[in-house]
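Here is how the chains run, residue by residue.
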Amino acid sequence: MGIGELDREAHVPEVTGAAAAPRTLAEALRARGDEGLAALLRARPDLVSPVPNDLTQLATRAGTRGSVVRALERLDRFALQTAEALAVGPDPTPYPVLLALLSGDEGDPEIEAALPGAVAMLREQALVWGEDDRLRLVRTARELLAPSAQHPSPTGLGPTVAEATSGMSPGRVQEIVAAVGLPATHDPVSAVAVLTELFTDRARMGALLDTASPEALAVLDRLVWGPPYGEVTANPAPPVRWLRDRGMLLPVSARTMVLPREVALHLRGGRAHRSPEPVPPALGVVREYRPQVVDSAAAGQAHVALATVEELLKSWDRGGPQVLRAGGLAVRDLKRTAATLDVTEETAAFWLELCYGAGLLASDGEADERYAPTPAYDHWLDLPPAERWALLVTPWLTATRTAGLVGGQDAKGRTLAALGPDLDRAPAPEVRHRVLALLATLAPGSAVDPETLFARLRWERPLRGAAQAASEGDDAGAGDLRSRLARWTLAEAEFLGLTGRGALSGPARALLNLPLAEAAAATAPGGGVELSVAADRAAALLAPLLPEAVDHVLLQADLTAVAPGPLRRPLADALAVLADVESKGGATVYRFTPGSVRRALDSGRTASDLHDFLKAHSRTPVPQPLAYLVDDVARRHGHLRVGAASAYVRCDDDTVLGEILADRRSAPLGLRRLAPTVLAAQTDPTSLLDGLRSMGYAPAAESAEGDVLITRADAYRTPPRTAPVPVPDGPPAPDTTLLGAAVRAIRAGDRASTAVRKEPAAATAAGALPRTSAAETLATVQAAAMTGSAVWIGYVNADGAASQRVIAPVRVEGGFVTGYDHTADEVRTYPLHRITGVAELADDQV
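In this text, all values refer to a predicted model and were calculated from it rather than measured experimentally. (Residues numbered from 1 in each chain as written. Predicted model: local features only at pLDDT ≥ 70, side-chain atom pairs only at ≥ 80, totals over all residues. Heavy atoms only, no water.)

### Brief notes about the overall build of the protein chain
Phase 1: Assigned secondary structure in the protein chain consists of 36 helices and 25 strands.
Phase 2: The C-alpha radius of gyration of the protein chain comes to 39 Å, more than 25% above the 28 Å expected for a compact globule of 846 residues.
Phase 3: In terms of principal-axis extent, the alpha carbons of the protein chain reach across some 125 × 90 × 55 Å.
Phase 4: By residue count, 49% of the 846 residues in the protein chain fall in the buried class.
Phase 5: As presented, the protein chain carries roughly 39,400 Å² of accessible surface, and 54% of it is formed by carbon and sulfur atoms.
Phase 6: Charge-centre separation for the protein chain: the mean point of 85 positive side chains lies 2 Å from the mean point of 103 negative side chains. (Helix = DSSP H or I, 4+ residues; strand = E, 2+ residues; numbered from the N terminus. Rg over C-alpha atoms; globule rule 2.2 N^0.38 Å. Buried < 20%, exposed > 50% of the residue type's maximum accessible area, 1.4 Å probe, protein only. Areas by Shrake-Rupley, 256 points an atom, 1.4 Å probe, with all protein chains shown as cover. Lys, Arg positive; Asp, Glu negative; His and termini not counted. Charge placed at Lys NZ, Arg CZ, Asp CG, Glu CD.)

Take a look at the structure:
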């Protein structure tokens, strides 16, 4: 609805009675109850930011292009088809005509059953207004959806006869009228009218088409479902010429003809769409499992997810890869991470983004910036497994960062890097939640057919995915954005253990016991109570399904140890230092090597400590080869001492130093003997330590005081970091409190703006502020305060903004008037010198 039309209705008093039909969208909104206004603001939250002053302003805002586009993008396919049918129908459109446009001449019971709901949805969202006998699509929506040469309609229809002949000469129109056997008219308007009447008369139009040749009918068949435009030559073929002469093809340019809308509707049997879809596609089930099998499989995946996250962050314990100058992770570092986790690069990107979104991983912010675990990771490790799982899936559900985009290109052709910028996609949380919610509608244990799921999502938001992909610069060839998000969601939900074998698990059903609006609000400061409750409930259901942590290993004679399950935290940390992981799975295999034993000795353990540790945590006797390995490495550990000179090596046994000098592999270290027990090096202590270890020695580092330096297993951590904040998908959905306050404010402002006023002695122009002298203003508000009546004032605030308000003064003193402001629905105080004038309200408004 245009602003000018709304302004003309701005001061129309509310009319009651069954016979009073709304003439504008503002009047239609005025006739709604508070629940109807709240439903509108809930469905279109952009209308409430900021709160409109009155219903006229609300209607104006609801008709703006940006707001209408957002509303259309959130319609399901049938509601959108209903709006498209209204756009090609007459304005206004009676309900029976709309039904005929959707169901055709033969009718369709499913469409007849679904159409009232679609119309009600369009009415609720203020895209359609008026009674059933005069349904009107708001002007902006009609402009967006009506067919034109520049913007073809999804209906495939072209312009009407009146639109197509608007630039045609009157003589040519009369020639068409004569060609179809109609009498000549006095003017071109009536000629177009009789031609339109003929094309919409089924019997007469059928008789006319019976005279057409098969070739002419074939031309119509090619155009009937769109596009309705076709190229012709300067001398068209006889079938085309026959259609052109009778107005069934009308010229839009010298070389282009169009099929008029009325002719196409006749050929279609009155149907505006080739395939109306009043019912959403059903979800297909590929297989059904017992719910216990699904929960067990999901719990196994959840355990693997926890182990993968721990392995990833432990590999970056000493500091991870460097951050690219433009942000994100280099491709080679992503490949290295994928090799470490033994997964594909796409999967590795998902685990990295999951850790980043959960606040467990971030950049350290140093000059040589690199990635590392955050202090929150250490707290996460101390939690029970089920709680750790909940802290991963909860931020994943509401995150807008999308790992599936990694490796693609942005709008400027730049490759999108893991952990880098430009990975946020605002619809991602809504799609994730919707995918899981659709899975929850199936019987427990049912694995969904992915293609039917994607078809359902496309039906629910046919415009949303393509529009969002275009705005973000995504590759349209990869499919619409919502379908790709859904595909990634199914894979990621399986990785996280939200689904097992393609079916939704019990813990996931508990986690989804909230609408998305509440889940998204939970990410805001002070929110999260409802989401945390759901996460705790899900964790409680998952806990008994996870494998129980064990406190022992099985030592074997081949220098390996088998952990028959997940190890408890102190044992897992200690064993990770003493041995290297050889294989993972239901049972983890660790291998003891000279290097791993030396690593444990470097952390401050002694040989006796390691023997005691192995005896205490092994269910089998300590094999003799393992005991010999520990003793042999310990005997040589610390025999050599390395310190800073630039660097030096000292040893009480000068024959060992002689062996080192004689070894050709020591040449890069630049060693020379300073004393019988001391060698100096031309490299730094760390490089010297690594070089000697590569030669088979076990040197120990020492301090400037000569004490052995113990290399503890302390990990590198970033400063405290917060998890990335999701990017909102438009204005946030208003809560119940805000909706109630907004409706009250709009109602109060509308009562004030539509109140009938008495004209002051010096009548003001329409819409201008009342003007009275200071004495008259003071006298009028004092009288109103004494009688308890309301008055109309003009007011200019400190910023110079002028407004009109209706107030009921209760006190006038000290140059101020205090009263109940009907416009703001609250008591306010106004300086008298800022009141431009005052006028009494009409008697029936007092």
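### Brief notes about helix 35 (residues 736-754)
Phase 1: If you check helix 35, its first and last C-alpha atoms are 27 Å apart, about what 19 residues at 1.5 Å a residue would give, namely 27 Å.
Phase 2: Among the residues of helix 35, those classed as buried are Leu-739, Ala-742, Val-743, Ile-746, Arg-747, Ala-748, Gly-749, Asp-750, Ala-752, Ser-753 and Thr-754.
Phase 3: Those residues of helix 35 that are buried lie in contact with helix 2 (25-30), helix 3 (34-43), helix 4 (55-62) and strand 22 (802-813). (Expected span 1.5 Å × (residues − 1). Contact = heavy atoms within 4.5 Å.)

### Quick look at the packing of helix 6 (residues 77-88) against helix 7 (residues 95-103)
Phase 1: Direction vectors running N to C along helix 6 and helix 7 enclose 115°, while the axes themselves pass 10 Å from each other. Classified by chirality, the crossing of helix 7 by helix 6 is right-handed. Residues Phe-78, Gln-81, Thr-82, Ala-85 and Leu-86 of helix 6 form the contact with helix 7, whose own contacting residues are Leu-98, Leu-101 and Leu-102.
Phase 2: Broken down by class, the residue content of the contact of helix 6 with helix 7 amounts to six nonpolar, two polar and no charged. (Axes fitted to C-alpha atoms, helices over the stretch in contact; angles between N-to-C directions. Left-handed = near helix turned anticlockwise from the far one by under 90°. Nonpolar A, V, L, I, M, F, W, Y, C, P; charged D, E, K, R; others polar.)

### Quick notes on the environment of Ala-839
Phase 1: With respect to the secondary-structure elements, Ala-839 resides in strand 25 (residues 835-840).
Phase 2: Given a relative accessible area of 5%, Ala-839 falls into the buried group.
Phase 3: Ala-839 sits 68 residues away from Arg-771 along the chain, and the two C-alpha atoms are 8.6 Å apart.

### Things to note about the side chain of Arg-598
Phase 1: Following the sequence through the fold, Arg-598 ends up in helix 30 (residues 594-602).
Phase 2: Summary of buried charges: Arg-598 has no salt-bridge partner, and the nearest side chain of opposite charge, Asp-602, is 4.2 Å away.
Phase 3: Beyond its immediate stretch of four places on either side in the chain, Arg-598 contacts Val-633, His-637, Arg-693 and Ala-698. (Salt bridge = Lys/Arg side-chain N within 4 Å of Asp/Glu carboxyl O.)

### What to know about the packing of helix 17 (residues 291-315) against helix 21 (residues 385-398)
Two quantities define a packed helix pair, namely the angle between the helix axes and the distance between the axes.
Phase 1: Between helix 17 and helix 21, the shortest axis-to-axis distance is 10 Å and the interhelical angle comes to 80°. Between helix 17 and helix 21, the angle is such that the two are roughly perpendicular. Across the interface between the two elements, Ala-302, Leu-306, Val-309 and Glu-310 from helix 17 touch Pro-385, Arg-388, Trp-389 and Leu-392 from helix 21.
Phase 2: Looking at side-chain class alone, the contact of helix 17 with helix 21 contains six nonpolar, no polar and two charged residues. (Parallel < 35°, antiparallel > 145°, perpendicular 65-115°, else oblique.)

### Observations concerning the pattern of salt bridges
Phase 1: Enumeration according to the criterion identifies 32 salt bridges in this entry.
Phase 2: Across the salt bridge formed by Arg-23 and Glu-27, the nearest N and O atoms sit 3.1 Å from each other.
Phase 3: The structure contains a network of salt bridges with shared partners spanning Asp-91, Arg-136 and Arg-142.

### A word on empty space enclosed by the protein
Where empty space is left becomes clear once a probe the size of a water molecule has been rolled over the atoms.
Phase 1: Summed over all chains, the structure comprises one cavity of 30 Å³ or more.
Phase 2: In this structure, the largest cavity encloses a volume near 40 Å³.
Phase 3: In terms of lining residues, the largest cavity is bounded by Thr-402, Ala-428, Arg-432, Leu-485, Trp-488, Thr-489 and Glu-492.
Phase 4: Listed by contribution, the elements that provide at least two residues to the lining of the largest cavity are helix 22 (428-440) and helix 25 (481-496).
Phase 5: A total of four residues in the lining of the largest cavity trace back to one element, the largest contributor, which is helix 25.
Phase 6: Per-class residue counts for the lining of the largest cavity are three nonpolar, two polar and two charged. (1 Å grid on protein atoms, 1.4 Å probe; cavity = no way out; pocket = protein on both sides within 12 Å on 5 of 7 lines; lining within 4 Å. Points joined across faces, edges and corners; volume = space filled by probe spheres on them.)

### What about the pairing of strand 22?
Phase 1: Alignment of strand 21 (residues 791-796) against strand 22, held across six bridges, turns out to be antiparallel. Bridge pairing links Gly-794 to Gln-804 in strand 22.
Phase 2: Where strand 21 hands over to strand 22, the hairpin turn is made up of five residues, of which Gly-800 adopts a positive phi near 85°.
Phase 3: The turn linking strand 22 back onto strand 23 (residues 816-821) is made up of two residues, and Gly-814 within it adopts a positive phi angle of 60°. (Pairing = 2+ DSSP bridges.)

### Overview of the sheet that holds strand 18 (residues 672-675)
Phase 1: Taken in spatial order, the five strands make up an open sheet running 18-19-17-16-20, and their pairing is mixed. In this open sheet, the two edge strands, each paired with only one partner strand, are strand 18 and strand 20 (700-701).
Phase 2: The sheet contact formed by strand 18 and strand 19 (residues 678-681) spans three bridges and is antiparallel. Bridge pairing in strand 19 links Arg-672 to Ala-680.
Phase 3: Strands strand 17 (647-650), strand 18 and strand 19 of the sheet are contacted by helix 33 (residues 654-662), whose axis makes an angle of about 160° with strand 18.

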